[in-house]
Every structure is written in structure tokens, then in C-alpha cells.
Amino acid sequence: MARKPRLFVDGMSYHVVNRGHNRMRCFDCEMDKRVFFKMLCEKLELFSIQLHAYVLMSNHYHLLITPTVGTEVPHFMQCLGRKYAGYFNTTNERTGTVWDGKYFASVIESDYYLLACYRYIELNPVRAGIVEDPGCFPWSSFQTNACGKYSSIISPHQTYTALGTSALARMSAYNALFNSPMSAEELRDIRSTLTKRNIIQHADTVKLVRPVPETCA
């Protein structure tokens with residue numbers, strides 16, 4: 001049976017995940033991540049999509065995005081995926097798919113869930129045992145959101161902006177969210193949302209959001 005098309009609503013935020021085919025590595029080295037990051041910057045601008053948080057792991061990546069025009073999200077993901085796959089296959093002298101089928105996306109409907117997704121994404125390297133402090137991982141948005149490092153790619157979400165009346169106050173409040181690890185309940189809530197097939201009503205538009213496998217980091 002053919003998949004039903006996914007519809008994305010203008011101005012709504014989404015947690016997007018894409019994995020390497022059969023969980024293989026899609027980033028073999030630092031250069032791969034640099035190339036992907038550059039492509040990501042270009043495609044975000046091309047499709048007018050705001051990026052609020054991200055992490056690049058060895059075999060998958062997470063994005064927290066808000067599209068200006070919802071229908072551009074599939075084009076953005078397809079264009080980014082195909083361009084990087086061409087680079088990866090050429091560099092490694094291989095053929096075939098790089099990504100594990102279609103990407104997955106879940107809609108974000110509350111400030112609580114949005115901030116939980118920020119933490120979930122940026123704590124990914126900590127949960128994976130790569131670093132003890134998210135600030136020590138170079139390929140995430142934590143250093144920008146929590147430490148104020150300049151980034152041409154990160155756009156603060158209005159919920160993030162509401163954390164404080166100044167940049168320093170916002171960073172302080174944001175850092176406080178990371179003072180303790182995410183609880184089992186918080187992780188379960190996010191994974192439950194990602195693994196369920198959700199039909200969300202918004203502005204008379206029904207969106208079908210494909211689930212993310214529970215094994216996703």
C-alpha cells in the first residue's frame with residue numbers, strides 16, 4: 001500500500017529524525033559532518049526553514065525546525081538527503097541508498113514539549129556515552145543555545161526567547177534545564193510521541209505524521 005502524503009502546516013514546529021540505512025554510519029568522519037552542515041545551511045535558507053536545535057551523530061541526525069511554508073519541508077528533506085547521499089557515495093566509492101527509507105517527523109504543540117525536544121536533541125551525545133557534558137560535543141546546537149556561541153544557522157524559537165529578557169538571562173535559564181538528566185518519564189513521553197502515528201487537527205488541516213521507531217536515540 002502506498003504511503004499517504006505527509007502534510008506540514010505553516011509556522012508549526014517539528015522534530016525531524018533521519019537515520020542511515022540499516023543503521024549504518026552516514027557520517028564517517030569530521031569532514032562528512034562539515035560537508036553536511038554546509039549543505040544544511042544552504043537548504044535551510046533556500047526553503048525558508050528556521051532551525052532551532054540539531055545534533056549530528058554517526059548514524060543519524062535530529063533537527064528541530066519551523067517552516068515558513070509547511071509544504072517546503074518534504075522538498076527540503078529530499079533535496080538535503082539526495083545532495084549529501086551523492087557526496088557520501090562518491091567519497092566512499094559506493095552506490096545505493098544512504099538513508100533508511102523516509103525521514104520521520106513529529107509535530108510540537110506545546111512550550112513544554114518544545115523545550116523537552118531541545119534537551120532531548122542536545123543531550124543525545126550524553127545518552128550515547130560520547131561525552132559527559134553536552135557542551136563538549138561540537139556537532140550540536142548546545143554551544144549556541146546554552147553558551148551564546150555565534151551561529152549563522154540557529155534561529156531562536158519564541159519559546160526559547162521567552163526564557164529571559166536578555167541574552168544572558170535566556171542562556172542562564174536554558175542551562176538550568178540541563179542541571180539534571182531527563183527523567184525516565186520525560187524520555188518515555190518524547191519516545192511515545194515519536195513512535196505513535198499522530199493525526200493532528202490545526203487550522204482545519206489534518207496532518208499525518210509518521211512514527212519514529214522507539215529505538216531511535
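Quick summary incoming for the structure in this document. Residue positions within a chain follow its written sequence, with the count starting from 1. Side-chain atom pairs in this predicted model are given and counted only at pLDDT of 80 or more, local residue features only at pLDDT of at least 70, and totals for whole chains, interfaces and linings cover all residues. Side-chain metrics rest on all non-hydrogen atoms present in the structure, leaving aside hydrogens and water.

### Quick word on unusual backbone geometry
Applied cut-off: The helix and strand labels rest on DSSP assignments: H or I over at least four residues marks a helix, E over at least two residues marks a strand, and numbering proceeds from the N terminus.
Positive phi values are uncommon outside glycine, yet Arg23 reaches one of about 65°. Notably, Glu93 is not glycine yet its phi reads approximately 50°, a positive angle. Along the chain, Glu93 turns up in the loop between α2 (72-91) and β4 (104-108).

### Some words on α2
To keep things clear, this is the line we draw: Expected helix span is computed as 1.5 Å times (number of residues minus one). Each residue is assigned to one of three classes by its accessible area relative to the maximum for its type, calculated with a 1.4 Å probe on protein chains only: buried under 20%, partly exposed between the two thresholds, exposed over 50%. Any pair of residues with heavy atoms lying within 4.5 Å of one another is described as a contacting pair.
Between its first and last C-alpha, α2 extends 29 Å over 20 residues, near the 28 Å set by a 1.5 Å rise per residue. Within the span of α2, buried status applies to Val73, Phe76, Met77, Leu80, Gly81, Tyr84, Ala85, Tyr87, Phe88 and Asn89. Where α2 is buried, its residues meet β1 (13-19), α1 (30-46), β2 (49-56) and β3 (60-67). One or two positions beyond α2, positive phi appears at Glu93, with a value near 50°.

### Concerning the environment of Arg127
Threshold: In protein, a polar contact requires one atom able to donate a hydrogen and another able to accept it; more generally it is a pair of N or O atoms within 3.5 Å, and residues adjacent in sequence count only if both atoms are side-chain atoms.
Position of Arg127 among the secondary structure elements: in helix α4 (residues 124-127). Along the backbone, Arg127 and Pro181 are 54 residues apart, and their C-alpha atoms lie at a distance of 9.2 Å. Polar contacts involving the side chain of Arg127 include one to the main-chain carbonyl oxygen of Tyr120, which spans 2.9 Å.

### Quick notes on the pairing of β4
The condition that has to hold: By this definition, two strands are paired if DSSP reports at least two bridges between them.
Within β4, 5 of the 5 residues are buried, which leaves the element mostly enclosed by the surrounding structure. Judged by which residues are buried, β4 turns out to be covered on both faces: Phe104, Ser106 and Ile108 on one side and Ala105 and Val107 on the other are all buried. Two elements, β1 and β4, share 5 bridges in a ladder whose sense is antiparallel. Along β4, the bridge assignment pairs Ser13 with Ile108.

### Quick word on the side chain of Asn59
Residue position: Asn59 is located in the loop between β2 and β3. Of note is the side chain of Asn59, whose polar atom sits 2.8 Å from the side chain of His60. For Asn59, the contacting residues outside a window of four places in its chain are Arg19, Gly20, Arg23, Met24, Arg25 and Cys26.

### Quick look at the sheet that holds β1
Strands pair in a sheet through their backbones, by hydrogen bonds, and they do so in one of two ways: parallel or antiparallel. Threshold: Axis lines are fitted through C-alpha atoms, for helices just across the contact stretch, and the angle between N-to-C directions can take any value from 0 to 180 degrees.
Overall, antiparallel pairing links the 4 strands, which are arranged β2-β3-β1-β4 in an open sheet. The open sheet has two free edges, formed respectively by β2 and β4, since each of these has just one partner strand. Taking each pair of neighbouring strands and ignoring which way they run, the sheet shows an average axis angle of 20°. Relative to β3, β2 runs antiparallel, the two sharing 7 bridges. Residue Ala53 lies in a different strand from β3, and its bridge partner there is Leu64. On the sheet, α2 packs against β1, β2 and β3 and is oriented at approximately 150° with respect to β3.

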